[in-house]
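Here are the chains, one letter per residue:
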Amino acid sequence: MATTDHSFEEPFDADEYIERLAWRIPGGGSKGGAEAFDPKRLLEEFENHIEELKQLDEKIQRKVEKLEHQCHREAKEFAHKVQDLQRSNQVAFQHFQELDEHISYVATKVCHLGDQLEGVNTPRQRAVEAQRLMTYFNEFLDGELRSDVFNNPEKIKEAADIIQKLHLIAQELPFDRFADVKAKIASKYHDLERQLIQEFTAAQRRGEIGRMREVAAVLLHFKGYAHCVDVYIKQCQEGAYVRNDVFEDTAALCQRVNKQVGEVFSSPETVMAKLIQNIFENKLQAHVKEKLDETRHSDVEQYLKNLYDLYTRTTSLATKLSEFNLGSDKHTFLSKLIKSIFSSYLESYIDMEREYLRTRGAMILQRYYDSKNHQKRSIGTGSIQDLKERIRQRTNLPLGPSIDTHGETFLSPELVVNLLQETRHAFERCHRLSDPSDLPKNAFSIFLLLVDHLCVEHIDYALEIGLSAIPSPDAKNANLYFLDVVQQANSIFHLFDKQFNDQLMPLISSSPKLAECLHKKKEVIEQMEVKLDTGIDRTLNCMVGQMKHILATEQKKTDFRPEDENNVMIQYTAACSKVCTYVSRQVEHVRKSMDGKNVDTVLTELGIRFHRLIHEHLQQYSYSSMGGMLAICDVAEYRRCAKDFRVPLVLQLFDTLHALCNLLVVAPDNLKQVCSGEQLTNLDRNLLHAFVQLRADYRSARLGRHFS
């Protein structure tokens, strides 16, 4: 049975249990083979084992019932115990409530008794205090201070309390009867006050924070308390300014004193505020006045730099000091202190800034023109000049003599950098020193000065000189420098635009002045663009004039009607070669001088004029068969040159011109077919006829019949 009990250990597997049982029975397992297997023996063992299992089940069942019965009995006993504990707890809680009520009753009685005792004791204490003060008052009345409290230096604190109360009482007494005693009390009051202040000063020098706190607490009720604070502030600053940097010294001083005043005075924020006010109104104001007054009339540039630096450092110091406890409205307090120092300087700041920029800008400009040995010309204004300008823009006529600038553009990157640098510093000062309500207006006035110096006096003047230097279209071997002016003017205006966006826009972005600035900038740009467009147009005319001059001097009539048709050895004419060389050089010049879409725009216009010139030029000659082939070769070279433009329209124009030149050599019988070709079919028949008329065999071959 023990073996059976052992077999039911967890985890239990019925199949495994049967297998082990069969294996232990002789003849029941596979041991010995099939001959050794005995089913009857196995059956008997199984039946016996089943009986054993039944007995075991009954035994376990009895044991379970016994345990259940025991569990029910213990549960009932535990429930009875819990009920007894609950009843005991209720009784204890009732006793606790009764005790609490009794304690409250006793406490109420005690408080009432205390109030009664206080009601009796307070008048008694007042009477005792009044009697004590009357005793001391009598001593003053008799004129002899006998009490130890007035004669013992160690009891100065107690004496101060008494004399302060007597002083208040004396204020209420009639003067005619008690004038003498009032004077004695006042004298003793001031004497004790002076002694306390001396004691406070001595303690401060010794660094005795505890003694300083005691004396300050006594002096708090005296009129001389403010004087005590003044003495403390004065003594704090002794030896504090040892470096040349008053701002760093002030920050270090306030950092050190801030901790000390909290340990000494009952209202440290008031003392700290008074210390800072004293420093601002004396030390800082004197420092600022000294720095600014010495340069205000002698060196305006240094004055403005000093004003900006001092104001910046003062506001930075105020930011550091705002971390201390200075009362409820410390930011307004510090702002008023800064204003008290700088108000007289800030009122005149923008006028001095404008005057300095006006003078400085004029000096920079004059210094540049002096370095070029150039006497600046007066650009005319008024109705006559306006009329000339309109005529020049519409007709490109050179009104007035052309100026030889010898390649000088009269535009200086160094000058521009200097002007922009001065203006940048001015914008920074304006941002820092202007009142927020005046900031947009002041920034706009600085911008107008920049426009006047940079855009009008420098760029616009250079454009005027450049326009005047452009030769007439029929000038020979003309040097064209206006594109260099265009290149430098564009570069300068990019710098001007960058400063406009980076420096000016943040100052005016949220004000009505923004619209004025944008309008002024647009106006300046438009004025410059008009002159740039005029100059570029006249420059292109000069280029075309130069090409025309080359063609007129180099192209011969015999080029296209050679005397020996069979002995033509050239690929294209000398005139064509020189024109292409000149055009390629000018195209490269345009690319270096322009940027963005302006390159394509100018090259498109140049290409159209170049095509028109060649087209008109070719119509001036009569062509033999070999001459027509040479014309086609010339146009092919012109077309190759046109590829450098990288403009599809220009290339298309020369493709069409090349197709037109084919009419000069095509066989008479094929002429009609060629005119109907893809490239010529959309052209005006009069144009085609005009080209065919240039053929030497036009009349002999009766080519006009194809256009009748």
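Read on for a plain summary of the structure. (Residues numbered from 1 in each chain as written. Predicted model: local features only at pLDDT ≥ 70, side-chain atom pairs only at ≥ 80, totals over all residues. Heavy atoms only, no water.)

**Focus: the overall build of the protein**
And then number 1: Helix and strand counts for the protein come out as 24 helices and zero strands.
And then number 2: Out of the 708 residues belonging to the protein, those deemed buried represent 38%.
And then number 3: Within the protein, contacts between residues separated by at least 24 positions form 75% of all contacts whose residues are at least 6 apart in sequence.
And then number 4: With an accessible surface of roughly 41800 Å², the protein has 51% of that area assigned to carbon and sulfur atoms. (Helix = DSSP H or I, 4+ residues; strand = E, 2+ residues; numbered from the N terminus. Buried < 20%, exposed > 50% of the residue type's maximum accessible area, 1.4 Å probe, protein only. Contact = heavy atoms within 4.5 Å. Areas by Shrake-Rupley, 256 points an atom, 1.4 Å probe, with all protein chains shown as cover.)

**Considerations on the nonpolar core**
And then number 1: Counting residues in hydrophobic clusters, the biggest one holds 162 residues, and the most contacted among them are Tyr232 and Phe265.
And then number 2: With 16 residues, the single largest contributor to this core is helix H16 (residues 439-469).
And then number 3: Once you skip the residues sitting within four places of it in the chain, phenylalanine 265 turns out to touch Phe200, Ala216, Tyr225, Val229, Tyr232 and Val271. (Core = buried A, V, L, I, M, F, W, Y, C linked by side-chain atoms within 4.5 Å.)

**Considering the packing of aromatic side chains**
And then number 1: Applying the stated criterion to the full structure yields 15 aromatic pairs.
And then number 2: Here the aromatic rings of phenylalanine 610 and phenylalanine 654 are separated by 5.0 Å at their centres, their planes lie at 45°, and the arrangement is tilted. Of this pair, phenylalanine 610 sits in helix H20 (residues 597-618) while phenylalanine 654 sits in helix H22 (residues 648-661), placing them 44 residues apart in sequence. When sorted by exposure, phenylalanine 610 lands in the same class as phenylalanine 654, which is buried.
And then number 3: Grouping aromatic residues by their ring pairs yields a cluster made of Phe444, Phe447, Phe493, Phe496 and Phe500.
And then number 4: One Lys or Arg, lysine 376, reaches over the ring of tyrosine 461 and ends 5.0 Å from the middle of that ring. (Phe/Tyr/Trp six-rings, centres within 6.5 Å; stacked < 30°, edge-to-face > 60°. Lys NZ or Arg CZ within 6 Å of the ring centre and 35° of its normal.)

**Here we look at a nonpolar patch on the surface**
And then number 1: Side chains of Tyr105, Val106 and Val110 sit close together on the surface and give an oily, nonpolar patch of about 290 Å² of accessible area.
And then number 2: Of note, valine 106 is situated in helix H3 (residues 39-142).
And then number 3: Using a relative accessible area of 38% as the deciding quantity, one classes valine 106 as partly exposed. (Patch = residues over 30% accessible without salt bridge, like charges linked within 9 Å, V, L, I, M, F, W, Y side chains within 5 Å. Salt bridge = Lys/Arg side-chain N within 4 Å of Asp/Glu carboxyl O.)

**What about the side chain of glutamate 422?**
And then number 1: Topologically, glutamate 422 is positioned in helix H15 (residues 413-433).
And then number 2: With near-sequence residues (within four places) excluded, glutamate 422 lies in contact with Glu301, Tyr356, Leu357, Arg360 and Ile364.

**With respect to helix H11 (residues 300-321)**
And then number 1: Spanning 22 residues, H11 covers 31 Å between terminal C-alpha atoms, matching the ideal 32 Å at 1.5 Å per step.
And then number 2: Within the span of H11, buried status applies to Tyr303, Leu304, Asn306, Leu307, Leu310, Tyr311, Thr314, Thr315, Leu317, Ala318 and Leu321. What you see down the axis of H11 is that its buried residues fit within an arc of 165°, all on one side. (Expected span 1.5 Å × (residues − 1). Arc of directions from axis to C-beta.)

**Some words on the environment of leucine 532**
And then number 1: Here leucine 532 is to be found in helix H18 (residues 513-554).
And then number 2: Classification of leucine 532 by relative accessible area gives buried; the value is 12%.
And then number 3: Spatially, the C-alpha atoms of leucine 532 and alanine 489 are 9.1 Å apart, while their sequence positions differ by 43 residues.
And then number 4: Residues in contact with leucine 532, not counting those within four places in the same chain, are Leu463, Phe482, Val486 and Asn490.

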